[in-house]
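Fold and contact review
What follows is each chain in one-letter form.
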Amino acid sequence: MKNFVRGALAALMVGSVGAAAQAADLPSYKAPPPPLPPVFTWTGLYGGVNIGYAFGASSSETGGLSYISAGALGVAPMGSAWTTGQNLQGVVGGAQLGYNYQFNPWLVLGAEADIQAADIGSHGNAAVGLVDAIGPHVQSVNSTKKVDWFGTVRGRIGFTLPSMPNLMVYGTGGFAYGQVVHNAGFADNYTFAGATAFGGGPLGHGYYDNTRVGWAAGGGLEWSPSMFPAWSLKAEYLYVDLGSTNANSVPLNGGVPAILQGALGPTMPQFAATQSSPTRFHTVRAGINWHFDPFAVVAPSSASGALPSVKGPPPAFVDSYQPFQVRLKVGGVIPLNGHGTTFDSGAGYPGLGSIGALSGLTGANGVIAGASTNTSTSIIPMLDAAYYLTKNWAIEAICCVAPAHIQGTGTIASDFARTWVFPPSVMLQYHATNFGKFQPYVGVGVNFTTFWNTRVNNDVWGIPMMPGSTLSGLGIPAVLSTFQYATVAPSWGVVGQAGVDYMFNEHWGVNVDFKYIGMHPMVHSTVVSFVPGAPGLGAIFIPVKVSLPINPIVISAGLTYRFGGSLLSPLF
């Protein structure tokens, strides 16, 4: 028995020594070092918002007035020239979208486009006193300038330091464009004896309202906090030059055909006046950007932690529930109708009654014959936000701001008015999800449209007299007219929608959308008319209203981003 135990112990010791020797022959294993943190880079898309202040570039306006006919005065008055100051200033704010590419640790090249709402304005006036052959008179100008919005498309060149890769100093420059409104009121105020027969003197109004193009240049700083590398803060200076505008005018109450001279009063002399105004300003603004890459691919890991095989077909599209959605798009607004009916809603001048009635243009129902309007198309940025109740049903809010240009046609053929339109809509949508990445949808909702910053263009046109009408019998072929002001009432309407998302992955996709918006506001305005042969009558004010069916189709396309799947579950 003792011999058996001794043999077993010896065998165990030999086996242990052999196992130890074998283990010693195996290579040692060390855990891999932890991965290095990702290297910061400016490369990628970004978008954000900004706010700032604009101030003028110490510019001056110049203008002048000269007579082209003497009228009943017999001798043409003297003209004059003047210079007025300009103090452009106001708040600006908007959004930007751009792309950066970092070539090396110190050089970043990129491009950026931005659009800014603006409340930039200035006001200036001048007066010149004269004494000449007709006696004393004072010529004056009252000039206002506004920039309603502007945008730029610029290149950027940035510089960073390897020791501070998240701080960039950059310069920028490129193309600029914006809406410029320039009004200039001209007057020659007669103070000599007998001036009351001329209604105090001739009056004129010059107007410019259009999109100007120019250039912009500047620079700034952009910094991305190390704790939030997807975000950056920036401070930027930009100089914008949109060129110069000219507001030209002849008197609204001047001149008359020779056959009418003396029939209704003395003929008012006619002048030609102009005001030239530069549009140049500095901006200082601060902003925040979000940096993203919608096409980035995140490699999935297997259950064992091993890297997936690079062989075989790509992984199938996963359409997980993501309750929140944001779309950034560009849309075209196309009015289906826009031809308004114009009503004469006032009695006009007490001594003459309504110009429309006395001209024979206004019917018994108050409609001015041959008078209509057109509404312009526009291209606008759009923002949609949605919440998915389930993977199929969603509630969406649609937000955009659009400029609208209303033009008179027929018997009120004129550049009528411009306004800004804010038409938010709320939609109930059904999304089909059984087509994989291709996800069509339909929706129905309600729209409430408001209008602001409505302004008339002060274009001058002649209201013709119908044969046999009261004014036609007095030998007046037409009266000169212009719109004094305009307001647009809010409008309710239904919205229909159809569109499709094509999803690259569960978060990012592209969108195409079609909408019909019921929009039928009422425009209220006042027409100011002058009878050239009777300047002593002064201005004749005629209230009018326009029933304006716009009813636009909106066609849009852009990016879709869905998120929040880890936060909420479908409601049902």
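Scroll up to find the structure.
Anyway, here's the lowdown on the structure attached to this text.

About the thresholds
Residues numbered from 1 in each chain as written. Predicted model: local features only at pLDDT ≥ 70, side-chain atom pairs only at ≥ 80, totals over all residues. Heavy atoms only, no water. Core = buried A, V, L, I, M, F, W, Y, C linked by side-chain atoms within 4.5 Å. Buried < 20%, exposed > 50% of the residue type's maximum accessible area, 1.4 Å probe, protein only. Helix = DSSP H or I, 4+ residues; strand = E, 2+ residues; numbered from the N terminus. Contact = heavy atoms within 4.5 Å. Patch = residues over 30% accessible without salt bridge, like charges linked within 9 Å, V, L, I, M, F, W, Y side chains within 5 Å. Areas by Shrake-Rupley, 256 points an atom, 1.4 Å probe, with all protein chains shown as cover. Salt bridge = Lys/Arg side-chain N within 4 Å of Asp/Glu carboxyl O. Phe/Tyr/Trp six-rings, centres within 6.5 Å; stacked < 30°, edge-to-face > 60°. Lys NZ or Arg CZ within 6 Å of the ring centre and 35° of its normal. Disulfide = S-S within 2.5 Å. Lys, Arg positive; Asp, Glu negative; His and termini not counted. Polar contact = N/O pair within 3.5 Å; in protein donor to acceptor, adjacent residues only side chain to side chain. Pairing = 2+ DSSP bridges.

Some words on the nonpolar core
Counting residues in each nonpolar core, the largest one holds 31 residues, and the members touching the most others are Ile380, Met382, Phe416, Phe483, Met519, Val523 and Val544. Mapped onto this core, the elements with two or more residues apiece are strand 14 (378–388), strand 15 (393–400), strand 16 (402–410), strand 17 (414–422), strand 19 (438–456), strand 21 (478–488), strand 24 (522–530) and strand 25 (540–547). Contacts of Met382, omitting those with residues within four sequence positions, involve Arg327, Leu328, Lys329, Gly331, Ile398, Cys399, Cys400, Lys515, Val554 and Ser556. Of all hydrophobic cores here, the second largest spans 16 residues; its members include Tyr67, Ala195, Ala247 and Met268.

As for a nonpolar patch on the surface
Taken together, the side chains of Trp393, Ile395, Val426, Leu428, Tyr430, Val442, Val446 and Trp492 make up a nonpolar region of the molecular surface, amounting to roughly 780 Å² of accessible area. For the nonpolar patch, the secondary structure elements donating two or more residues are strand 15, strand 18 (425–431) and strand 19. Of the residues forming the nonpolar patch, the biggest block, three residues, is contributed by strand 18. Accessibility expressed as a relative area gives 41% for Leu428, which makes it partly exposed.

Quick look at the pattern of salt bridges
Should the charged atoms of two oppositely charged side chains come close, the side chains can pair. Under the defined criterion, the tally for this structure stands at 17 salt bridges. Among the ionic pairs, Glu396 bridges to Arg327, the shortest N-O distance being 2.6 Å. Of this pair, Glu396 sits in strand 15 while Arg327 sits in strand 11 (residues 324–335); the two residues are 69 residues apart in sequence, bridging distant segments of the chain. What emerges from the salt-bridge pattern is a single network uniting Glu112, Asp114, Arg154, Arg156, Glu222, Lys234, Glu236 and Arg285.

Examining the packing of aromatic side chains
By the definition in use, this model includes 23 aromatic pairs. Site record: aromatic cluster; members linked through ring pairs are Trp231, Trp290, Phe292, Phe324, Tyr387, Trp508, Tyr561 and Phe563. Above the plane of the ring of Tyr170 lies Arg156, whose end atom (NZ or CZ) is 4.3 Å from the centre.

So, the environment of Val91
Tracing the sequence through the fold places Val91 in strand 4 (residues 89–104). Overall, the relative accessible area of 46% leaves Val91 in the partly exposed class. Sequence separation of Val91 and Thr283 is 192 residues, and the distance between their C-alpha atoms is 9.1 Å.

Focus on the side chain of Asp188
Mapping Asp188 onto the fold places it in strand 7 (residues 164–190). Not counting residues within four places of it along the chain, the set of residues in contact with Asp188 comprises Tyr67, His137, Val138, Gln139, Gly200, Gly201 and Pro202.

Brief notes about the state of the cysteines
Following the criterion strictly, the structure yields zero disulfides and no others. With no disulfide of its own, Cys399 lies 6.6 Å from the sulfur of Cys400, the closest cysteine sulfur. On the accessibility criterion, Cys399 (35% relative accessible area) is partly exposed. The class of Cys400 is buried, set by a relative accessible area of 9%.

Re unusual backbone geometry
Despite not being glycine, Asn453 shows a phi value in the positive range, around 55°. Mapped onto the secondary structure, Asn453 falls in strand 19. You will see that Asn551, though not glycine, has its phi angle at about 45°, which is positive. In this fold, Asn551 is placed in the loop between strand 25 and strand 26 (552–563).

Comments concerning the side chain of Glu61
Within the fold, Glu61 resides in strand 2 (residues 60–69). We note that Glu61 is buried and unpaired, the nearest opposite charge coming from Lys145 at a distance of 5.1 Å. A polar contact of 3.3 Å, which involves the side chain of Glu61, links it to the side chain of Gln86. The contact partners of Glu61, leaving out residues within four places of it in the chain, are Trp82, Thr83, Thr84, Gln86, Ser122, Ser143, Lys145, His182, Gln275, Ser276, Ser277 and Pro278.

Some details on the environment of Val333
Counting through the fold element by element, Val333 comes out in strand 11. With a relative accessible area of 13%, Val333 lands in the buried category. Taking C-alpha positions, Val333 is 9.6 Å from Ala404, a pair spaced 71 residues apart along the chain.

Looking at the pairing of strand 22 (residues 491–503)
Summarising the sheet, strand 19 and strand 22 pair through 12 bridges and their orientation is antiparallel. Note that in strand 22 the partner of Val444 across the bridge is Gly496. Direction of pairing for strand 22 relative to strand 23 (residues 508–517): antiparallel, over a ladder of nine bridges. Residue Tyr502 lies in a different strand from strand 23, and its bridge partner there is Val510. Remark: four residues form the turn of the hairpin made by strand 22 and strand 23, two consecutive strands paired antiparallel.

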